[in-house]
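# Reading the structure
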Amino acid sequence: SSGINAEWPLRPGEEKHRKSVSPTMFPDEAAEHNLQYCMRVYPHQQNTGGFFICIIERKESEKASPLVPEVEEAEENVEEKTEETNLHKNTNTLVDKMKWKTYHGYREDPFIFLKRDAECFKNLTEFYDISDSFPYDTMFVRSVETKQRNLSVSCARIRDIIEQNERKIKVINCGLRLFSYCKENFSSCCYRLLQEGAHFTAGFMGKKLFEVSVADMVKVLAAESCPKESMEAALYEKIKDVPQGIIVFHLKAAGTVPDIFACVYNTENNVKTYITEDEKNHFRLILGLEPLLTKRELKKQKAIEHHREKRQATAERVAAEQEEIARKKLEPEVKPDPDDSDSHQQNNESDKDVESEEIKSEMVDEVQN
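Residues numbered from 1 in each chain as written. Predicted model: local features only at pLDDT ≥ 70, side-chain atom pairs only at ≥ 80, totals over all residues. Heavy atoms only, no water.

## Considerations on a nonpolar patch on the surface
A contiguous nonpolar surface patch, about 310 Å² in accessible area, is contributed by M39, F51 and I53. Take F51: it is sitting in strand 2 (residues 51-53). Overall, F51 belongs to the partly exposed group, its relative accessible area being 48%. (Patch = residues over 30% accessible without salt bridge, like charges linked within 9 Å, V, L, I, M, F, W, Y side chains within 5 Å. Areas by Shrake-Rupley, 256 points an atom, 1.4 Å probe, with all protein chains shown as cover. Salt bridge = Lys/Arg side-chain N within 4 Å of Asp/Glu carboxyl O. Helix = DSSP H or I, 4+ residues; strand = E, 2+ residues; numbered from the N terminus. Buried < 20%, exposed > 50% of the residue type's maximum accessible area, 1.4 Å probe, protein only.)

If you want it as structure tokens, here you go:
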């Protein structure tokens, strides 16, 4: 019978797993099934999901089997087969009826393969001068909207598998992203070329692909934008009139340096690599250059410098306060004399009396006159 045997001891709360766990999940004879070549990843070991990793080799082609048995056998055994077994659609394997829990999770976006005459290919093909040998029939998107965000490519075999098993296999991700939708002011083409697929697309490109020297590649891999006039004369003549948008610089392999394909954003006067900081540093290391500080590293460096300045200012303030305290301790304390205060008050009162007498005498003189 399916599920855990009744003899298996279960702890409190594990009764619900009796039908979802089968004894065949824990085989005793591992050598018979060549389990030494497999790998099991437990969730608690790497803080991930659980996985069983193995290689399956097909030894003979799958043969189509009738979905229903012969009529006579079906009439005789219809009740028995309905109660005990369920006939699989594609094979003759009889699987036990088990009540599996249905997982109502997030449904992945569909894989929609495009046709050669799709609307998104018209402007794209003309701008990048893509040849007719480009595999348009294996290009796909992940949404049904008019303006698809990403255009990806796969192979014909993967396309057939996905299209024929759309409701049977849950495919999370596949293919290689080649183009991404961009704003109108970015380029005259509504799709920009992505760096992760530049090496693939470059084989089908025409006027937007340029062979460059090591010196020119080093210039565009700098931190700032590079003026077109600073490029070599031959390259400058080719790119000076190219419309604004993404172009590809190709540095051919030489010695230990492999082929380098770099997406470059071309403007009216300047060119600049349109790749991530990590990709730029990767290319710089290949060419024997020092890697540039990323924005994250610059932010960290600025924070450390700010913290150092703050600590220095705090130390100076504390030193000034301690110096003031020490100075006050060295000065003698002067106590006020009560006799001096009384005499000072008497002198003030006498001065006021003299002033009042003078004012009175002046007023008398004015009246007599």
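## Section: the pairing of strand 8 (residues 176-181)
Strand residues, when the strand is regular, have side chains that alternate between the two faces of the sheet. As paired elements, strand 7 (residues 150-153) and strand 8 share 4 bridges and run antiparallel to each other. The residue of strand 8 that forms the bridge with N150 is S180. (Pairing = 2+ DSSP bridges.)

## Quick word on the environment of D259
Mapping D259 onto the fold places it in the loop between strand 12 (245-251) and strand 13 (260-266). A residue is classified by how much of its surface remains accessible, and D259, at 42% relative accessible area, is partly exposed. Through-space distance from the C-alpha of D259 to that of H199 is 8.8 Å; in sequence the pair is 60 residues apart. Among all residues touching D259, those that are not within four sequence positions of it are H250, L251, K252 and A253. A polar contact is formed between the side chain of D259 and the side chain of H250, at a distance of 3.0 Å. One polar contact links the side chain of D259 to the main-chain amide nitrogen of A253, over a distance of 3.0 Å. (Contact = heavy atoms within 4.5 Å. Polar contact = N/O pair within 3.5 Å; in protein donor to acceptor, adjacent residues only side chain to side chain.)

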